[in-house]
Amino acid sequence: MLRPMISAPFDPDLYAAALRFAATAHRGQTVPGTDLPYLCHVVTVAAEVLGALGHEHHGEPDLAVQCALLHDTVEDTAVTVADIRKRFGDAVAEGVAALSKDPALPKAERMVDSLDRIRSQPHEVWLVKLADRIVNLARPPAHWSADKRRAYREEAMRIGERLGEVSPVLSGRLAEKIDAYRAWIEPT
Ligand code: NI
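What comes next is a walk through the structure. (Residues numbered from 1 in each chain as written. Predicted model: local features only at pLDDT ≥ 70, side-chain atom pairs only at ≥ 80, totals over all residues. Heavy atoms only, no water.)

1. Looking at the overall build of the protein chain
Right, so step 1: Within the protein chain, the secondary structure is distributed over 10 helices and 0 strands.
Right, so step 2: Counting helices and strands in the order they occur from the N terminus, the protein chain gives α-α-α-α-α-α-α-α-α-α.
Right, so step 3: For 188 residues, the compact-globule estimate of 2.2 N^0.38 gives 16 Å, and the protein chain sits close to it at 17 Å.
Right, so step 4: Summarising its shape, the C-alpha atoms of the protein chain cover approximately 60 × 35 × 35 Å along the three principal directions.
Right, so step 5: Evaluated residue by residue, the protein chain yields a buried proportion of 42% over its 188 residues.
Right, so step 6: At a minimum sequence separation of 6, the contacts of the protein chain that also span at least 24 residues come to 67%.
Right, so step 7: Only carbon and sulfur atoms are counted for the fraction: they give 55% of the accessible area of the protein chain, which is about 10,400 Å².
Right, so step 8: Side chains of the protein chain carry 23 positive and 27 negative charges; the gap between the two charge centres is 4 Å. (Helix = DSSP H or I, 4+ residues; strand = E, 2+ residues; numbered from the N terminus. Rg over C-alpha atoms; globule rule 2.2 N^0.38 Å. Buried < 20%, exposed > 50% of the residue type's maximum accessible area, 1.4 Å probe, protein only. Contact = heavy atoms within 4.5 Å. Areas by Shrake-Rupley, 256 points an atom, 1.4 Å probe, with all protein chains shown as cover. Lys, Arg positive; Asp, Glu negative; His and termini not counted. Charge placed at Lys NZ, Arg CZ, Asp CG, Glu CD.)

Rendered as structure tokens:
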């Protein structure tokens, strides 16, 4: 069989497997505030990661892509880290675990704890957290107070400060979104 002269920067078969797994896990869930399938969020996060991989060298692109597609399965569905480990291996399982907030901690401590755990992971996992917040800095749910929106924006700044160094592309995207999010806080 001929080897392709040019190979994709990531393995499309691994992408497809992770996407199918995420589609099954998130079945029936919607993007908050919309009637769109939750998978829209997941695939948009993966698109941000692929955008970075197109411009920057990261040694394990498949780790980044799989963690992007699976990043909310443990936090938001019945899937466990053990399930991910069995299907996708240790590196992906550890990455998704770090990207999942620990429900045993008080709410106020969960993000700082998750960021600490992400920082102990390969940089490919950091990309996913940056991409997740880029995607989430869209129109906030109507019921969010100005204070909650302000806190969410400030949290995004902390994510950028703690993780942004690994990706000029994503830290630039995040800075743009943080700037634009002001429109949801200050009446124009
Ligand atoms: Ni997410």
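2. A look at the nonpolar core
Right, so step 1: Formed by 51 residues in total, the largest nonpolar core has its most connected members in C67, L70, I84, F88, V92 and I118.
Right, so step 2: Look past the residues within four positions of F88 in its chain and what remains in contact with it is A17, A18, F21, Q66 and L70. (Core = buried A, V, L, I, M, F, W, Y, C linked by side-chain atoms within 4.5 Å.)

3. Considering the coordination of the nickel ion
Right, so step 1: The nickel ion binds to the protein through H41 (NE2), H71 (NE2), D72 (OD) and D132 (OD), with metal-donor distances spanning 2.1 to 2.3 Å.
Right, so step 2: Around the nickel ion sit 4 donor atoms, and with donor-metal-donor angles ranging over 82 to 173° the site reads as irregular. (Donors = N, O, S within 2.8 Å, 3.2 Å for Na, K, Ca; no water. Tetrahedral: all angles 85-135°; square planar, octahedral: opposite > 155°, others 65-115°.)

4. Observations concerning the packing of aromatic side chains
Right, so step 1: Considering all chains together, one arrives at 4 aromatic pairs under this definition.
Right, so step 2: Ring plane angle 45° and centroid distance 5.9 Å describe the contact between F10 and Y15, whose orientation is recorded as tilted.
Right, so step 3: For F10, a relative accessible area of 21% corresponds to the partly exposed category.
Right, so step 4: The class of Y15 is buried, set by a relative accessible area of 17%.
Right, so step 5: Measuring from ring centre to ring centre gives 6.2 Å for Y152 and Y181, while their planes differ by 45°; the resulting arrangement is tilted. One end of the pair, Y152, is in helix α9 (residues 146-163); the other, Y181, is in helix α10 (residues 168-181), with 29 residues separating them in the sequence.
Right, so step 6: On the basis of relative accessible area, Y152 is assigned to the buried category, the value being 14%.
Right, so step 7: The buried category is assigned to Y181, whose relative accessible area is 1%.
Right, so step 8: A network of ring pairs unites the aromatic residues W144, Y152 and Y181 as a single cluster.
Right, so step 9: The ring of F88 has R87 sitting right over it, with the charged end atom 4.9 Å from the ring centre.
Right, so step 10: The positively charged end of R133 is found above the aromatic ring belonging to Y152, 3.9 Å away from the centroid. (Phe/Tyr/Trp six-rings, centres within 6.5 Å; stacked < 30°, edge-to-face > 60°. Lys NZ or Arg CZ within 6 Å of the ring centre and 35° of its normal.)

Take it as geometry only, folks, not as evidence of what the structure does.
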